[in-house]
Each structure stands twice: as C-alpha cells, then as structure tokens.
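Close look at the chain arrangement
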Amino acid sequence: MNTYYKFAPNVFLAKCDEKHEKGETIEVTTKYGKENECIVFNLIYERDGFYYYSIVRADGFNVQEWAKQRAERRHEWATSAVQKSCEYYNKSNKDKDFLSLGEPIKVGHHSEKRHRKAIDDAWNNMGKSVEFSDKAAEHERVAKYWEKRANTINLSMPESIDFYEHKLEQAKEYHEGLKSGKYRREHTYAMAYANKAVKEAKKNYDLAVKLWGDV
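Residues numbered from 1 in each chain as written. Predicted model: local features only at pLDDT ≥ 70, side-chain atom pairs only at ≥ 80, totals over all residues. Heavy atoms only, no water.

1. A few points about unusual backbone geometry
What counts is decided by this rule: Numbering of helices and strands runs from the N terminus; a helix is a DSSP stretch of H or I covering at least four residues, while a strand is a stretch of E covering at least two. Here's how the labels work: a residue is buried when its accessible area is under 20% of the maximum for its type, exposed when over 50%, partly exposed in between, all with a 1.4 Å probe on protein chains only.
At Asn10, a residue that is not glycine, the phi angle is positive and equals roughly 75 degrees. Along the chain, Asn10 falls in the loop between β1 (3-8) and β2 (11-16). Take Asn10: its relative accessible area is 46%, and that puts it in the partly exposed class. Here Asp48, not a glycine, exhibits a phi torsion of approximately 50 degrees, which is positive. As for its placement among the helices and strands, Asp48 is situated in the loop between β4 (35-47) and β5 (50-57). Assessed through its relative accessible area of 72%, Asp48 is described here as exposed.

2. Points about helix α1 (residues 63-92)
Selection criterion: Working rule for helices: expected span equals 1.5 Å times residues minus one. Side-chain atoms alone can form a polar contact between residues adjacent in sequence; in general such a contact is a pair of N or O atoms within 3.5 Å, and within protein one must be able to donate a hydrogen while the other accepts it.
A rise of 1.5 Å per residue sets the reference length of α1, with its 30 residues, at 44 Å; its end C-alpha atoms lie 43 Å apart and thus fit the reference within 8%. Within α1, burial applies to Val63, Gln64, Ala67, Ala71, Ala78, Ala81, Ser85, Tyr88 and Ser92. Of the residues flanking the start of α1, the one acting as N-cap is Asn62, its side-chain oxygen 3.0 Å from the backbone nitrogen of Gln64.

Structure follows, in structure tokens:
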C-alpha cells in the first residue's frame, strides 16, 4: 500500500513498497484511509525498503483548490449568518409600533406581562441580530484570507520551480545591488539579510527542482 509521508512544510511524498515510473498513476492512502489517485514525479530517495516519490493529485486538487474551497465555505456561512441577522432584526421590530409610543409599564395592569415580554423579546432578538452580524463579518474576514491563499505557490506544486527561480533571481539582484551601491543599505545588517535571502531562495529552488524537475 502507498501512503503519504511528510517530507517538508506543505510537501507530502508517496511512501511506496514498490518502484514506479515517472508519470505513472498510483493510489495513495491517507492516514484516514481515503485513497487518492496521484501522478508520480521523481524518486526522492530509498530507505528501509521503501521508495519515496514526489506526487501530485491526478484530479488537480492542490493547496490552491483547497484554499478556494475554504473561502467558498466561509462565504456561504457569512450569507447564512446575514440571513439570520435579518430575521432576528425583523423579529426585534415586531412590536415596534407599540413600543415606539414610549408608554411606561403599567404595574398590576393586565397589559403588564405583555408589555414586559415585548421589551424582552425586542432586546433579545436585537442582541441575536448583532451577534449574527458579527459572525458574518468574521466569516467574510476569514474568506478574504483564504482567497489570498488561493494564489499561493509552494513546494507542493510543480509550478514552484519557476516561482522559486524568479525569487532566487530577485534575491541575487538585490544582493548584488547592495554590494555595488545600486541600492541603499538601510541598516547595518542589510548585507547579511540579503545574503541570507539568497541562500534561502537557492535552497527552495534546489528543492523544487529535486521534487519536480527532470532529474
């Protein structure tokens, strides 16, 4: 059986007990027992009789699609919360014509119980309306976060080769620009940080090539 193995942040390999060819479609089982069709890319290493391959889902589902689904779900929850907020708002105004008169409660009068209930209902329903309005705003905030994440490219995707190659070029250009004087050194550690950025970009690019390149 082929299973998922976490290799790096956001990256899961297929841990296989048999060899596979690049481009081959295999079933990979999650820890919850669900099977996904995956396309084999590169053999990353062999260990203890197992073969570890970089893979992508055959149906195209990836971190971007996952983020889109999360955003869509949050938008649906926000819409539902808005509807409930409106329902409670309308309920809070059920007795508005009577309450707008501003008449005091007539203690001991037959209307006292109804009057108090009308006030309590209006107060409670308005509170629930505000509560669901706040929930809708929070769901929309989270939805926007996932919409931004839907454009994320990371090492779990073959597209990361071009992405990290561009990042590496940018980091190198800025580093060289600091050395040549093209860019101003904003602080004492500017060169050190720029050098670190180059190393980090090179590390990510090399890993992307190892995972998805023609190696």
